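# A structural walkthrough
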Amino acid sequence: MKIKEIAEILQATPVTPNVDFEREVHTACGSDMMSDVLAYVKNQSVLITGLNNPQVVRTADMMDMVCIVFVRGKKPDEQILTLAQERHIAVFTSELTMFTACGKLYEQGLRGGESHG
Amino acid sequence: MAEVITLEYTVPGDDFTRAGEASADMKSRLKKLGLPADVVRRAAIALYEGEINLAIHAHGGCICVTVSEGVIKMVLADKGPGIENIALAMSEGYSTAPDEVRSLGFGAGMGLPNMKKYSDVFDIESTVGVGTTIQMEVNIS
């Protein structure tokens, strides 16, 4: 799935400049708990979260993720967006809830991928 | 790579928004050295969890990273409250983090177990009232 499809499916708005909409992503994870993302996630490219602080970008960066979608209408501040830009991570916001966002992406073929047990 | 590279960082206490700066810097530098991506990622995650712990629990501390032939060594030292029961602290899901920290996305009791999981060598020494020192190694291969 391409990043532009994720944006369409989630009716999401890009909030960082120069997003590579053609970039392919294969797996995603959804969590508000960054500890769990660090513990269980492996090789996922997209982070879907309702948590809104700089550690979301830090976590995504550590995991080599390329895209973050803030759900439930969360609006990341300038500090978060600057950090994401520095790390070349595309950021979107969506009004959808976590459950609905994950469900829509799954329905369209995006999967959770491997995880640490 | 014969030469040894040393990186030193000071982690401020009680400034949660800055926690992760040291790990991000180390990650960038390891990448530039051309180390394998999975090795870089494991080291970065282990250090990031440690850095978060320094900020949350220990009022800050210091990090020293050395990269030499075959291994990344990371030492985290603090003069925080120390850990009373290390075995309990190492068990998944156990946390003494306050609700405020949980609301920031951490404090699920996965920090120390994660650090152990992502490193090849993990050693922790702690004395209540004195501080904690953690040594981790990630093999480059």
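Presented here is a report on the structure given in the accompanying data block. (Residues numbered from 1 in each chain as written. Chains lettered and ligands numbered in written order. Predicted model: local features only at pLDDT ≥ 70, side-chain atom pairs only at ≥ 80, totals over all residues. Heavy atoms only, no water.)

## Things to note about the overall build of chain B
In terms of helices and strands, chain B carries five helices and five strands. Reading the helices (α) and strands (β) of chain B from amino to carboxyl end gives β-α-α-β-β-α-α-α-β-β. A compact globule built from 141 residues would reach a C-alpha radius of gyration of about 14 Å, and chain B, at 14 Å, matches this within 12%. Each principal axis of the C-alpha distribution contributes one length, and for chain B these read about 45 × 30 × 25 Å. When each of the 141 residues of chain B is scored for burial, the buried share is 49%. (Helix = DSSP H or I, 4+ residues; strand = E, 2+ residues; numbered from the N terminus. Rg over C-alpha atoms; globule rule 2.2 N^0.38 Å. Buried < 20%, exposed > 50% of the residue type's maximum accessible area, 1.4 Å probe, protein only.)

## A look at the sheet that holds strand 4 (residues 121-127) of chain B
All names here are of chain B. One open sheet holds the five strands; their spatial order is 1-2-3-5-4, and the pairing between them is antiparallel. Edge positions in the open sheet fall to strand 1 (5-12) and strand 4, since each of these has one partner strand only. With direction set aside, neighbouring strand axes in the sheet form an average angle of 10°. As paired elements, strand 4 and strand 5 (residues 131-139) share seven bridges and run antiparallel to each other. (Pairing = 2+ DSSP bridges. Axes fitted to C-alpha atoms, helices over the stretch in contact; angles between N-to-C directions.)

## Section: the side chain of Thr16(A)
Residues and elements named next belong to chain A. Structurally, Thr-16 is set in the loop between strand 1 (13-14) and strand 2 (28-30). Using a relative accessible area of 8% as the deciding quantity, one classes Thr-16 as buried. Side-chain polar atoms of Thr-16 contact the backbone nitrogen of Val-91, separated by 3.0 Å. Those residues within four positions of Thr-16 in sequence are excluded, and the remaining contacts are Leu-81, Ala-84, Gln-85, Ile-89, Ala-90 and Val-91. (Polar contact = N/O pair within 3.5 Å; in protein donor to acceptor, adjacent residues only side chain to side chain. Contact = heavy atoms within 4.5 Å.)

## Observations concerning unusual backbone geometry
Residues and elements named next belong to chain A. Of note, the phi angle at Gln-11 is positive, near 45°, even though the residue is not glycine. In this fold, Gln-11 is placed in the loop between helix 1 (3-9) and strand 1. Here Gln-11 falls in the exposed class, since its relative accessible area comes to 54%. Phi at His-88 takes a positive value of approximately 60°, unusual for a residue other than glycine. With respect to the helices, strands and loops of the structure, His-88 is situated in the loop between helix 4 (78-86) and strand 5 (90-93).

## Re the sheet that holds strand 5 of chain A
All names here are of chain A. The five strands lie next to each other as 1-5-4-3-2, forming an open sheet whose pairing is mixed. Of all strands in the sheet, those with a lone pairing partner are strand 1 and strand 2, marking the two edges. Here strand 1 runs beside strand 5; their pairing, made up of two bridges, is antiparallel. Paired with Pro-14 across the bridge in strand 5 is Phe-92. Contacts from helix 5 (residues 98-107) reach strand 2 and strand 3 (46-49) within the one sheet, and its direction differs from that of strand 3 by about 150°.

## Digging into the environment of Val65(B)
All names here are of chain B. For Val-65, the position within the fold is in strand 2 (residues 60-68). Taking the C-alpha atoms as reference points, Val-65 and Ile-52, 13 residues apart in sequence, are found 16 Å from one another. Leaving out residues up to four positions away in the same chain, Val-65 has contacts with Ile-5, Thr-6, Leu-7, Tyr-9, Met-26, Leu-47, Ile-72, Lys-73 and Met-74.

## What about the packing of helix 3 (residues 54-62) of chain A against helix 2 (residues 37-57) of chain B?
Helix 2 of chain B packs onto helix 3 of chain A with a crossing angle of 155° between their chain directions and a minimal axis gap of 9 Å. Here helix 3 of chain A is positioned roughly antiparallel relative to helix 2 of chain B, judged by the angle of their axes. When helix 3 of chain A is examined against helix 2 of chain B, the residues Gln55(A), Arg58(A), Thr59(A) and Met62(A) are found in contact with a partner set consisting of Arg41(B), Ala44(B), Ile45(B), Tyr48(B) and Ile52(B). For the contact of helix 3 of chain A with helix 2 of chain B, the residue count by class is five nonpolar, two polar and two charged. (Parallel < 35°, antiparallel > 145°, perpendicular 65-115°, else oblique. Nonpolar A, V, L, I, M, F, W, Y, C, P; charged D, E, K, R; others polar.)

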